[in-house]
Amino acid sequence: QVQVVESGGGLVQPGGSLRLSCAASGSISSIRTMGWYRRAPRKQRDMVAQITTTSSADYADSVKDRFTISRDNAKNTVYLQMNSLKPEDTAVYYCFQDIRSTGSSSYTTYWGQGTQVTVSS
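What comes next is a walk through the structure. (Residues numbered from 1 in each chain as written. Predicted model: local features only at pLDDT ≥ 70, side-chain atom pairs only at ≥ 80, totals over all residues. Heavy atoms only, no water.)

### Side note on the overall build of the chain
- Along the chain, the regular secondary structure elements total 0 helices and 11 strands.
- The N-to-C order of helical and strand elements in the chain reads β-β-β-β-β-β-β-β-β-β-β.
- For a compact globule of 121 residues, the expected C-alpha radius of gyration is about 14 Å, and the chain comes in at 14 Å, within 12% of that figure.
- On the principal axes, the C-alpha backbone points of the chain span a range of 50 × 25 × 25 Å.
- Residue burial in the chain is summarised as follows: out of 121 residues, 41% are buried.
- Taking as baseline every contact in the chain between residues at least 6 positions apart, the subset at least 24 positions apart corresponds to 57%.
- Between the mean site of the 13 positive side-chain charges and the mean site of the 9 negative ones, the chain shows a separation of 4 Å. (Helix = DSSP H or I, 4+ residues; strand = E, 2+ residues; numbered from the N terminus. Rg over C-alpha atoms; globule rule 2.2 N^0.38 Å. Buried < 20%, exposed > 50% of the residue type's maximum accessible area, 1.4 Å probe, protein only. Contact = heavy atoms within 4.5 Å. Lys, Arg positive; Asp, Glu negative; His and termini not counted. Charge placed at Lys NZ, Arg CZ, Asp CG, Glu CD.)

Following this line, the structure appears as structure tokens:
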């Protein structure tokens, strides 16, 4: 059994910062790509950032230079540091991790439950 649990969302004023965390637990053999998506009200889910095993990162154009993704492989955790937040960043943020379970030969994408980020004055 593998679980992925997010934390760190909340309400923040424009220009403020938040840090999201996403930790995987259970029978884990290895983890490849980790990342974050978000779904704003009345919009489709979009990729925000993702990071490979070698810490190569990709970002959506809308968050470049404001958000930073990082990972701690020893803790099976991915982070999203969000700075200079804007009202248009308001969304439910979902993390994902591509995990190979113990005894498995393939990777499965596991998703977190989602955490609400609201940017408002």
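### Quick word on the side chain of Glu6
- Tracing the backbone shows Glu6 in strand E1 (residues 2-7).
- Here Gly114 takes part through its backbone nitrogen, which lies 3.3 Å from a polar atom of the side chain of Glu6.
- A distance of 3.1 Å separates a polar side-chain atom of Glu6 from the backbone nitrogen of Thr115.
- Once you skip the residues sitting within four places of it in the chain, Glu6 turns out to touch Ser21, Cys22, Trp36, Tyr93, Tyr94, Cys95, Gly112, Gln113, Gly114 and Thr115. (Polar contact = N/O pair within 3.5 Å; in protein donor to acceptor, adjacent residues only side chain to side chain.)

### Considerations on the pairing of strand E7 (residues 67-72)
- Residues Phe67, Ile69 and Arg71 of E7 are buried on one face, while the alternating residues Thr68, Ser70 and Asp72, pointing to the opposite face, are not.
- When E7 meets strand E8 (residues 77-82), the two strands line up antiparallel, connected through 6 bridges. Counterpart to Arg71 in the pairing with E8 is Val78. (Pairing = 2+ DSSP bridges.)

### What to know about the state of the cysteines
- Enumeration over the complete set of coordinates arrives at 1 disulfide.
- Each sulfur in the disulfide pair Cys22 and Cys95 lies 2.0 Å from the other. A torsion of 55° about the S-S bond marks the disulfide between Cys22 and Cys95 as right-handed. Placement of Cys22 in strand E3 (residues 18-26) and of Cys95 in strand E9 (residues 91-101) is noted, with a sequence separation of 73 residues between them.
- Judged by its relative accessible area of 0%, Cys22 is buried. (Disulfide = S-S within 2.5 Å.)

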